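# An overview of the molecular structure
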Amino acid sequence: MQEREILDIFIKTGAYKQGHFKLSSGLHSGSYLQCALVLENPVIAERLCVALAQKFKAQEPDVVIGPAMGGIVLAYELARALGARALFTERDDTGKMTLRRGFYISPNNKVLIAEDVLTTGKSVNEVIELLRRDSITPIGVTSLVNRSGGKVNFGGIKCESLLNLSIPTFDPNDCPLCKEGLAIEKPGSRK
């Protein structure tokens, strides 16, 4: 799939939004990508994830893991395309990323991390830290969209996305959209 085709899918499904948004990272932006609106259609989700899985098929991952909320559906569809197990992490009562629900990853598993949108990489870095506590180094990180303009880095871990964009983000104290008085929305899942 070509990036223009993928961007068109985001536009046609209403997943590429314009306005004034507070991102999960706390940064502000004039654009937001609501991947849930793309992934709600199983035919589209499968098609995107099959294309994304091709980028890691040669590494033969055993487990695909995604941080809740955005990575859950993506991890499941990628795992299906790769013939792997699908897991997700979630935050405990203290806000710390953890494996729950009886999920377990063996140190010899080849683990691929899946996230819907990368902006700062905070959730993915928390998953990497969780895995490393159990002496697991992931084989890669994948996402539908990397909106960081190539700035996000996971310490040499391979990172592949279907759509790469450079969308400006702003510190809340220096946000031109706030200065214009535009109402802000917080559509992300992190509190």
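The preceding data block contains the structure.
I will try to describe carefully the structure that is included in this document. (Residues numbered from 1 in each chain as written. Predicted model: local features only at pLDDT ≥ 70, side-chain atom pairs only at ≥ 80, totals over all residues. Heavy atoms only, no water.)

## Side note on the pattern of salt bridges
Any two side chains of opposite charge can pair, given that their charged atoms come close. For the coordinates displayed, the defined rule picks out 10 salt bridges. When the shortest N-O distance is used, the salt bridge between Arg 91 and Glu 126 registers 2.8 Å. Separated by 35 residues along the polypeptide, Arg 91 in strand β4 (residues 85-91) and Glu 126 in helix α5 (residues 122-133) bring together distant segments of the chain. On the basis of relative accessible area, Arg 91 is assigned to the partly exposed category, the value being 26%. The exposure class assigned to Glu 126 is buried, which follows from its relative accessible area of 18%. (Salt bridge = Lys/Arg side-chain N within 4 Å of Asp/Glu carboxyl O. Helix = DSSP H or I, 4+ residues; strand = E, 2+ residues; numbered from the N terminus. Buried < 20%, exposed > 50% of the residue type's maximum accessible area, 1.4 Å probe, protein only.)

## Side note on the packing of aromatic side chains
Per the stated rule, a full pass over the model turns up two aromatic pairs. Taken together, a centroid distance of 5.5 Å and an interplanar angle of 35° make the contact between Phe 21 and Tyr 32 tilted. Pair noted here: Phe 21 is in strand β1 (residues 16-22) and Tyr 32 is in strand β2 (residues 28-33), with a separation of 11 residues, a long-range link. For Phe 21, a relative accessible area of 1% puts it in the buried group. Residue classification places Tyr 32 among the buried positions, given a relative accessible area of 11%. Judged by centre distance (5.2 Å) and plane angle (80°), the rings of Phe 88 and Phe 103 are edge-to-face. Within this pair, whereas Phe 88 is found in strand β4, its partner Phe 103 is found in the loop between β5 (97-98) and β6 (111-118), the two being separated by 15 residues in sequence. A cation sits over an aromatic face here: Lys 158 above Phe 56, 4.6 Å from the ring centre. (Phe/Tyr/Trp six-rings, centres within 6.5 Å; stacked < 30°, edge-to-face > 60°. Lys NZ or Arg CZ within 6 Å of the ring centre and 35° of its normal.)

## So, the side chain of Thr 89
Along the polypeptide, Thr 89 turns up in strand β4. Thr 89 sits in the buried class, given a relative accessible area of 0%. Contact partners of Thr 89, with chain neighbours within four places excluded, come to Ile 65, Gly 66, Pro 67, Ala 68, Met 97, Thr 98, Leu 99, Val 127 and Leu 130. (Contact = heavy atoms within 4.5 Å.)

## Notes on the state of the cysteines
Counting across every chain of the model gives zero disulfides. Left unpaired, Cys 35 is separated from the closest cysteine sulfur, that of Cys 49, by 10.0 Å. (Disulfide = S-S within 2.5 Å.)

## Observations regarding helix α3 (residues 42-53)
In this model α3 runs 16 Å from its N-terminal to its C-terminal C-alpha over 12 residues, within 8% of the 16 Å that 1.5 Å per residue would give. Residues of α3 that are buried include every one of Ala 45, Leu 48, Cys 49, Ala 51, Leu 52 and Ala 53, and no others. Looking at the buried side of α3, the elements it contacts are α1 (3-12), α2 (36-39), α4 (71-82), β7 (140-146) and β8 (159-164). A distance of 2.9 Å separates the backbone nitrogen of Val 43 from a side-chain oxygen at the start of α3, and that oxygen is part of Asn 41. (Expected span 1.5 Å × (residues − 1). Polar contact = N/O pair within 3.5 Å; in protein donor to acceptor, adjacent residues only side chain to side chain.)

## Here we look at the side chain of His 20
Relative to the assigned elements, His 20 resides in strand β1. There is a polar contact of 3.3 Å between the side chain of His 20 and the side chain of His 28.

## As for the packing of α1 against α3
Two elements in contact, α1 and α3, have axes whose closest approach is 12 Å; the angle formed by their N-to-C orientations is 155°. Here α1 is positioned roughly antiparallel relative to α3, judged by the angle of their axes. For the element pair α1 and α3, the recorded crossing hand is left-handed. Side by side, α1 and α3 meet where Glu 5, Ile 6 and Ile 9 of the first sit next to Ile 44, Arg 47 and Leu 48 of the second. Taken together, the residues of the contact of α1 with α3 break down into four nonpolar, no polar and two charged. (Axes fitted to C-alpha atoms, helices over the stretch in contact; angles between N-to-C directions. Parallel < 35°, antiparallel > 145°, perpendicular 65-115°, else oblique. Left-handed = near helix turned anticlockwise from the far one by under 90°. Nonpolar A, V, L, I, M, F, W, Y, C, P; charged D, E, K, R; others polar.)

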